[in-house]
Structure formats: C-alpha cells, structure tokens
Amino acid sequence: MNEIWSNVILTFVQMGTERDNSICFSFGVIADIQYADVEDGYNFMKTRKRYYRNSITLLSEAVEEWNKDCMPPSFILQLGDIIDGLNAQHKASKKALKNVMQEFKKSKADIHHIWGNHEFYNFSRHCLMSSALNSQHLGNSMTPASSNRVNSNVGEDKQETFYCYDFCPFPSFRFVVIDCYDLSTLGREDCSKKYQESLKIIRKINKNEDLNNPEGLGAAKQRFVQFNGGLSQDQLEWLDEVLSYSDENQEKVIVVGRFCVPYYSRNIFNENIPSY
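This one's a predicted model, so the numbers in the text were calculated from it and none came from an experiment. (Residues numbered from 1 in each chain as written. Predicted model: local features only at pLDDT ≥ 70, side-chain atom pairs only at ≥ 80, totals over all residues. Heavy atoms only, no water.)

Student: Lay out the sheet that holds strand β10 (residues 252-256) with the relevant residues and their values.
Tutor: Across a sheet, paired strands are connected by hydrogen bonds in the backbone, their directions being either parallel or antiparallel. If you walk across this open sheet you meet the three strands as β8-β9-β10, and the pairing is mixed. Since the sheet does not close on itself, it has two edges, and those belong to β8 (165-170) and β10, each with one partner. Recorded for the sheet is a direction-independent mean angle of 20° between the axes of neighbouring strands. Relative to β10, strand β9 (residues 173-177) is paired through five bridges, and the arrangement is parallel. (Pairing = 2+ DSSP bridges. Helix = DSSP H or I, 4+ residues; strand = E, 2+ residues; numbered from the N terminus. Axes fitted to C-alpha atoms, helices over the stretch in contact; angles between N-to-C directions.)

Put into structure tokens, the structure is as follows:
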C-alpha cells in the first residue's frame, strides 16, 4: 500500500529474502504530518495547500490501517516534521505534539522518530532529547560502535550531542537512524561549536542577508541554507563503524534520515563542504 494524502505520506513496506522470496517482516512509513491547530494554508513556496488540522485525521487512519493489517508492521518509521513550525508562533508546540502522540499511542507497533527542520522550529535539541520524539531506547544493536556510543554518552557535551542509533528487526537486517541536523544552526545554542561551525559553512557560500534564501546560488550550492544541515565528523565516524560491522556480517542495511529535498537543498552539507 502506498498512498499520498495531502502532505502526509503513508507507506507499507514488506521485506523479504532473495533466496525464497519469503516475507521476513514489514514496516510502516509516514512523513510530513505537520499538524497544527490552525486554518489551512500554503507551503513555503506557496505552491501546495496545507491542511494542518486534517493531518491528524490522516494519521489516525494510517494507524488504524497498520493495526488491522493481516501482517501488522513490526515497527513504524516516522520520518520527521511531525508538527508544523507554525505551532511555535502560536506557542502551541507542546500541545500540538501531545495531540499527535496520542494518535501514535494507539499503534500496536513501536514508532521510530526521525528529526527534521520543523522539529527544531518548535523545540531545542535539549528538549527533543528528553521528549517523546527520542526513540533511542528502541535501539537494540550490539555493534561495537553502538556500545561505545552508549558508554560515551555519560560524559558527552550535551550541547554537541547528536541523535542516532541502529536496530535489527530481523536477523541480517539493520536500520540506522541518523541525525541530518547534527551539523546545523537549528536547535543548537549559538555558543555551541557545531552552531558556529555550521554558520561558517553556510556563510562561506551563501552571501544573502537572509541565510534561508538561496537566491544567486548555483543548483549545486542551494543546499547551503539555514534550514538545512549535515552530519558532524563524530557522527560520520560512528556511521562508518556501524556500516563496516554490517558489511563484515553481510547484513542488509537501510539508513534513515531527513533533510530538505522538495525546494532548494538537494543534499546535506557534507558533499564537498568548503574549507573556511
């Protein structure tokens, strides 16, 4: 099942083996719920109408579909922008998130949450880490990289931390959740090292007064805007260790993250980051 409702994308995916084409497990995917208790409006480019209130109805229908399926999904991937940035303007972020999470609680399957730019429009990184959108507790990996990360979190600088984990829903299958806003000005204190590093990367390419404006940038450089992000060196090294482990153990891997594709930013910062 693959349906697009308004700005909500619902997918039901079945994973099988090449050897006998049997189904090992299934999982659901939903993205861009962008709920807000406000009147209908338009996206940033004014090209698509947004039905902010109705999105929670569509989420409810999605959960109902997953729950009643003859082969219920083993888990759900919520791919970010769970509530719209408009909530912050109306000081309704916590209430909006609570309303959406009430619907997710009806799901029989665990929900793995990814963070996008709208999460950071509503909450700081510190708040997200202690919120219901932190699903790191669902990570069940025993890879050396993940074990080392759990141990290192104890003394980690909370201003510089990143959100990532991996899990295995079935033998020889691994899902890796990455933080595409690890290297970003969004959600970080302006005194943090990663905030300052991200700002330098953007300003090296983007000379506009409004750093969310890609005007004058070539197609390959339009990703250098403030609502985009990237992976820090620490996270890249962690990811490399996880993928190396999976390669050595002949696992199939799906890497899950979110960054801004629809408008300007066709990639994260990391491809050919300029020196500064």
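Here the narrative resumes, following the displayed structure.
Student: Account for the nonpolar core, naming residues and giving values.
Tutor: One finds Ile 30, Leu 77, Ile 82, Val 100, Phe 104 and Phe 175 to be the most contacted residues of the largest nonpolar core, which totals 53 residues. Those residues in contact with Ile 82 that lie beyond four places of it in its chain are Ile 33, Gln 34, Tyr 35, Leu 97, Val 100, Met 101, Phe 104, His 113, Glu 119 and Leu 133. Listed in part, the ten residues of the second largest apolar core include Tyr 195, Leu 199, Ile 201 and Leu 211. (Core = buried A, V, L, I, M, F, W, Y, C linked by side-chain atoms within 4.5 Å. Buried < 20%, exposed > 50% of the residue type's maximum accessible area, 1.4 Å probe, protein only. Contact = heavy atoms within 4.5 Å.)

Student: Any chance you could break down the packing of aromatic side chains for me, citing the residues and the numbers?
Tutor: In the structure shown here, the tally under the stated rule is 16 aromatic pairs. Geometrically, the ring pair formed by Phe 27 and Phe 75 is stacked, given 5.1 Å between the ring centres and 0° between the ring planes. Placement of Phe 27 in strand β3 (residues 23-31) and of Phe 75 in strand β6 (residues 75-78) is noted, with a sequence separation of 48 residues between them. Residue classification places Phe 27 among the buried positions, given a relative accessible area of 4%. Clustering of aromatic rings is evident, with ring pairs tying together Phe 25, Phe 27, Phe 75, Trp 115, Phe 120, Tyr 163, Tyr 165, Phe 167, Phe 170, Phe 173, Phe 175 and Tyr 181. (Phe/Tyr/Trp six-rings, centres within 6.5 Å; stacked < 30°, edge-to-face > 60°.)

Student: Can you explain the pattern of salt bridges? Please cite residues and give values.
Tutor: Counted according to the given criterion, the structure contains twelve salt bridges. Between Asp 84 and Arg 50 there is a salt bridge, with the nearest N and O atoms lying 3.7 Å from each other. Within this pair, whereas Asp 84 is found in the loop between β6 and α2 (86-89), its partner Arg 50 is found in strand β5 (residues 49-50), the two being separated by 34 residues in sequence. Judged by its relative accessible area of 3%, Asp 84 is buried. The partner of Glu 251 in a salt bridge is Arg 174, with the nearest N and O atoms 2.7 Å apart. With Glu 251 in the loop between α8 (233-248) and β10 and Arg 174 in strand β9, this pair connects stretches of sequence that are 77 residues apart. On the basis of relative accessible area, Arg 174 is assigned to the buried category, the value being 3%. (Salt bridge = Lys/Arg side-chain N within 4 Å of Asp/Glu carboxyl O.)

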